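Listed below are the residues making up each chain.
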Amino acid sequence: MIDFLYHWFPMDTSQLPNMIEDSFETLAMAFLGSFLGLIIALPISFIAAKNTSPSPFLFHLSRVVLSFVRSIPEIVFGLILLTALGLGPFPAVLAIMFHNIGVLGKLVSELVEASDPGPQEAMKAVGAKNWFAYLFSILPQIWPNVLSHYFYRFEVAIRTSLILGFIGGGGIGQRLFNDFKTFQYPAVSLDVLIIMIIVIVVDLFGSHVRNKVI
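Residues numbered from 1 in each chain as written. Predicted model: local features only at pLDDT ≥ 70, side-chain atom pairs only at ≥ 80, totals over all residues. Heavy atoms only, no water.

Considering the overall build of the protein chain
Reasoning step 1: Within the protein chain, the secondary structure is distributed over nine helices and zero strands.
Reasoning step 2: Oriented by its inertia axes, the alpha-carbon framework of the protein chain measures out at about 70 × 40 × 30 Å.
Reasoning step 3: For the protein chain, with 214 residues in total, the buried portion stands at 45%.
Reasoning step 4: When contacts within the protein chain are restricted to residue pairs at least 6 apart in sequence, long-range pairs at least 24 apart make up 74% of them.
Reasoning step 5: Roughly 11,400 Å² of accessible area belongs to the protein chain as shown, and the carbon and sulfur atoms make up 72% of that amount.
Reasoning step 6: A distance of 13 Å separates the average location of the 12 positive side-chain charges in the protein chain from that of its 14 negative side-chain charges. (Helix = DSSP H or I, 4+ residues; strand = E, 2+ residues; numbered from the N terminus. Buried < 20%, exposed > 50% of the residue type's maximum accessible area, 1.4 Å probe, protein only. Contact = heavy atoms within 4.5 Å. Areas by Shrake-Rupley, 256 points an atom, 1.4 Å probe, with all protein chains shown as cover. Lys, Arg positive; Asp, Glu negative; His and termini not counted. Charge placed at Lys NZ, Arg CZ, Asp CG, Glu CD.)

Quick look at the nonpolar core
Reasoning step 1: Counting 49 residues, the largest nonpolar core has Val 112 and Ile 142 as its most contacted members.
Reasoning step 2: If you list the elements that add at least two residues to this core, you get helix H2 (16-47), helix H3 (56-71), helix H4 (74-85), helix H5 (89-113), helix H7 (130-166), helix H8 (171-181) and helix H9 (185-213).
Reasoning step 3: Considering every element that reaches this core, the biggest residue donor is H7, with 12 residues.
Reasoning step 4: For Val 112, the contacting residues outside a window of four places in its chain are Phe 46, Ala 49, Asn 51, Thr 52, Ile 138 and Ile 142. (Core = buried A, V, L, I, M, F, W, Y, C linked by side-chain atoms within 4.5 Å.)

Notes on a nonpolar patch on the surface
Reasoning step 1: Judged by side-chain polarity, Ile 75, Val 76, Leu 79, Ile 80, Ile 163, Phe 166 and Phe 177 come together as a nonpolar surface patch covering roughly 540 Å² of accessible area.
Reasoning step 2: Broken down by secondary-structure element, the contributors of at least two residues to the nonpolar patch are H4 and H7.
Reasoning step 3: No other element matches H4, which puts four residues into the nonpolar patch.
Reasoning step 4: Residue placement: Ile 80 occurs in helix H4. (Patch = residues over 30% accessible without salt bridge, like charges linked within 9 Å, V, L, I, M, F, W, Y side chains within 5 Å. Salt bridge = Lys/Arg side-chain N within 4 Å of Asp/Glu carboxyl O.)

What to know about the packing of aromatic side chains
Pairs of aromatic rings are described using the distance from one ring centre to the other and the angle between the two planes.
Reasoning step 1: Tallied over the entire structure, the rule returns eight aromatic pairs.
Reasoning step 2: For the ring pair Phe 31 and Phe 154, a centre distance of 6.0 Å and an interplane angle of 75 degrees mean the geometry is edge-to-face. Residue Phe 31 is located in helix H2, and its partner Phe 154 is located in helix H7; the two are separated by 123 residues in the primary sequence.
Reasoning step 3: Ring centres of Tyr 150 and Phe 151 lie 5.4 Å apart, and the angle between their planes is 65 degrees; this geometry places the pair in the edge-to-face category. (Phe/Tyr/Trp six-rings, centres within 6.5 Å; stacked < 30°, edge-to-face > 60°.)

What about the packing of H4 against H5?
Reasoning step 1: Running from N to C, H4 and H5 point in directions that differ by 145 degrees, and their axes come no closer than 8 Å. Judged by the sense of rotation from one axis to the other, the crossing of H4 with H5 is right-handed. Residues Glu 74, Phe 77, Gly 78, Leu 81, Leu 82 and Leu 85 of H4 pack against Phe 90, Pro 91, Leu 94, Ala 95, Ile 96, Phe 98 and His 99 of H5.
Reasoning step 2: The class makeup of the residues in the contact of H4 with H5 is 10 nonpolar, two polar and one charged. (Axes fitted to C-alpha atoms, helices over the stretch in contact; angles between N-to-C directions. Left-handed = near helix turned anticlockwise from the far one by under 90°. Nonpolar A, V, L, I, M, F, W, Y, C, P; charged D, E, K, R; others polar.)

Some thoughts on the pattern of salt bridges
Reasoning step 1: Using the criterion set out here, one finds four salt bridges in the structure.
Reasoning step 2: Taking the shortest distance from any N to any O, the salt bridge between Arg 63 and Glu 113 comes out at 2.9 Å. Here the residue Arg 63 occupies a position in helix H3, and Glu 113 occupies one in helix H5, the gap between them amounting to 50 residues.
Reasoning step 3: Two residues, Lys 106 and Glu 110, come together in a salt bridge whose shortest N-O distance is 3.2 Å. Of this pair, Lys 106 and Glu 110 both sit in helix H5, four residues apart, roughly one helical turn.
Reasoning step 4: Note on Lys 106: relative accessible area 25%, which makes it partly exposed.
Reasoning step 5: Under the relative-accessibility criterion, Glu 110 is labelled partly exposed at 36%.

Comments concerning the packing of H3 against H5
Reasoning step 1: Contact geometry of H3 with H5 gives a least axis separation of 7 Å together with a crossing angle of 135 degrees. As summarised for this structure, H3 and H5 are arranged oblique, according to the angle between their axes. Crossing handedness for the pair H3 and H5: left-handed. Residues Phe 59, Arg 63, Leu 66, Val 69 and Arg 70 of H3 pack against Phe 98, His 99, Ile 101, Gly 102, Val 103, Gly 105, Lys 106, Ser 109 and Glu 113 of H5.
Reasoning step 2: A per-class count over the contact of H3 with H5 returns six nonpolar, four polar and four charged. (Parallel < 35°, antiparallel > 145°, perpendicular 65-115°, else oblique.)

Quick look at the UniProt feature "transmembrane region" (unreviewed entry) in the protein chain
Reasoning step 1: UniProt marks residues 27-49, 75-98, 131-151, 158-177 and 183-205 with the feature "transmembrane region" (unreviewed entry), using the numbering shown here.
Reasoning step 2: Helix makes up 88% of residues 75-98 and strand 0%, whereas the separation of the span's terminal C-alpha atoms amounts to 11 Å.
Reasoning step 3: Note that residues 183-205 is 91% helix and 0% strand, and that its end C-alpha atoms are spaced 34 Å apart. (UniProt positions renumbered as here; feature names shortened; annotations may be inferred.)

Shown next as structure tokens:
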């Protein structure tokens with residue numbers, strides 16, 4: 001093992017500009033997948049919450065759909081979409097988005113169910129429509145926790161996009177896989193360092209935003 005790790009150093013910086021470009025591609029994949037997942041999951045979560053669902057049928061249907069989507073890992077979505085749509089970041093973004101719809105839809109629906117009903121009842125008492133009352137009485141209560149869940153899923157999506165890169169999704173994950181297969185260990189060590197820096201920076205940024213909002 002020591003002999004194997006010995007070949008990782010010194011790091012090969014000759015491809016650093018291309019590695020940084022691939023890193024931004026990985027960040028874009030993770031951000032778009034998690035952001036689009038949140039945008040789609042928000043309205044579904046209100047349907048999947050007992051206190052805001054328009055009907056019992058839609059409540060149970062949305063719960064089943066979210067459970068089904070959540071039960072399929074991103075790697076499975078990735079394999080299906082990469083086969084159907086071809087290699088590249090677009091199928092990887094869709095794979096991350098579909099899984100995040102299930103996860104964030106479940107998490108946000110639980111936040112909606114736990115929200116204080118007082119502001120919602122007050123808005124309905126003065127004649128506000130249901131969707132208007134939900135938007136302005138429940139969403140402000142749960143928004144800090146929604147952001148917290150989103151940034152956590154964003155961090156997970158970065159690691160997921162690395163795995164999807166192994167099967168042709170692009171980004172720094174695909175570069176890492178190719179460098180490892182071709183025994184370019186000095187380049188592998190720099191790939192790993194860049195990935196660590198990305199995860200740490202996103203974690204710090206997410207903590208800063210959560211502190212500002214809360």
